[in-house]
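Reading the structure
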Amino acid sequence: MDAKVIVVTSGKGGVGKTTTTANIGAALAKLGEKVAVIDVDVGLRNLDVVMGLESRVVFDLIDVLEGKCRMSQALIRDKRVENLFLLPASQTRDKDALDPEVFKGVIRGLIEDEGFDRILIDSPAGIESGFRTAAAPAQGALVVVNPEVSSVRDADRIIGLLEAQQVSEIRLVINRLRPKMVASGNMLSEGDILDILGVKPIGIVPEDEGIIVSTNVGEPAVLGKTKAGEAFMATARRLKGEDVPYPKFEEEGGFLSALRRLFGGA
């Protein structure tokens, strides 16, 4: 994926978008890139907690946008992974404080003045103004989707909006896949999701209890040894252009025909 500025988004909340941002950001940094992860979920702010950096937040994204601090004062360097930085969201403001044009300027500064190789923007879920601001400077998008009907349908809407905003590179991260349920035909496979959405996956992450543990302790899974952590690392390698094979989960039969009816297909 050539895009330097990537928005990580989803149609609905709770699909693992923030966890995906933290893990792929950490993985890219481990692979040698200088990475900034930016939380644009103004009013909630979870990326700092998932990364275990909440106690070090002094200034936030809105402070930078309003000129109350320098970028260097707001960026938090992760002490565990060289070249990984967090720009946190504000908990005390609302999404109306985000101006898309000013935000574009901040992103340009990170690349041109601060020398970042990659920017990952953690978007609010849904299709409101916060999403549109998060996507405004993006050249590429990772759409996080769970293999379930409601998540896939919401992702379909988000993909349409990203295309309308002329985001050129859009790829899926299929999160929380359960191979046994796919094999028994009780969960959508990656092939089903590709058929419905028409967007190729760049990452397939299995359901893993280790993610809950890593999130609770504030340590991205790619820094430990879990199946999900390995999958996120493989995703980061693909983002860098490496040819990393995808896991294959055979299926006896699913509900693709029912889903196609849902989306108005054959």
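All values reported here derive from a predicted model rather than from experimental measurement.

So, on to the packing of helix α7 (residues 149–164) against helix α9 (residues 190–197). Remark: α7 packs on α9, axes separated minimally by 10 Å, with the N-to-C direction vectors making an angle of 40°. Looking at the two axes, α7 sits oblique to α9. Considering how the two elements wind past one another, α7 and α9 form a crossing that is right-handed. Counting all contacts with α7, which are made through V152, A155, D156 and I159, the residues of α9 involved are I193, I196 and L197. Residue classes in the contact of α7 with α9 are distributed as 6 nonpolar, no polar and 1 charged.

Before going further, it helps to examine the packing of aromatic side chains. Each aromatic ring pair is characterised by the separation of its centres together with the angle its planes make. Counted according to the given criterion, the structure contains 1 aromatic pair. The interplanar angle of 90° and the centroid separation of 5.4 Å between the aromatic rings of F85 and F116 together place this pair among those described as edge-to-face. Residue F85 is found in strand β4 (residues 84–87), and its partner F116 is found in the loop between α5 (100–112) and β5 (118–122); the two are separated by 31 residues along the sequence. Per residue, the accessibility class of F85 equals that of F116, and both read buried. Above the plane of the ring of F116 lies K34, whose end atom (NZ or CZ) is 4.7 Å from the centre. Against the face of Y246 rests R238, its NZ or CZ located 3.8 Å from the ring centre.

Let us now look at the environment of T226. Checked against the element boundaries, T226 lands in the loop between α10 (209–217) and α11 (227–239). Considering only alpha carbons, one finds T226 and D208, 18 residues apart in sequence, at a separation of 7.6 Å. Excluding its chain neighbours within four sequence positions, the residues that come into contact with T226 are D208, G210 and A221.

Bringing the sheet that holds strand β3 (residues 76–77) into the picture now. Pairing in this open sheet of 8 strands is mixed, and the strands run β3-β4-β2-β5-β1-β6-β7-β8 from one edge to the other. For this open sheet the edge positions go to β3 and β8 (201–206), each flanked by a neighbour on one side alone. Where strand β7 (residues 169–177) and β8 come together, 5 bridges link them in parallel fashion. The residue of β8 that forms the bridge with L172 is P201. Here helix α1 (residues 17–30) sits on the sheet in contact with β1 (5–9), β2 (35–39), β4, β5, β6 (140–145) and β7, set at roughly 170° to β5.

About the cut-offs
Residues numbered from 1 in each chain as written. Predicted model: local features only at pLDDT ≥ 70, side-chain atom pairs only at ≥ 80, totals over all residues. Heavy atoms only, no water. Axes fitted to C-alpha atoms, helices over the stretch in contact; angles between N-to-C directions. Helix = DSSP H or I, 4+ residues; strand = E, 2+ residues; numbered from the N terminus. Parallel < 35°, antiparallel > 145°, perpendicular 65-115°, else oblique. Left-handed = near helix turned anticlockwise from the far one by under 90°. Contact = heavy atoms within 4.5 Å. Nonpolar A, V, L, I, M, F, W, Y, C, P; charged D, E, K, R; others polar. Phe/Tyr/Trp six-rings, centres within 6.5 Å; stacked < 30°, edge-to-face > 60°. Buried < 20%, exposed > 50% of the residue type's maximum accessible area, 1.4 Å probe, protein only. Lys NZ or Arg CZ within 6 Å of the ring centre and 35° of its normal. Pairing = 2+ DSSP bridges.

In short, the description is geometric, and any link to function would need to be established separately.
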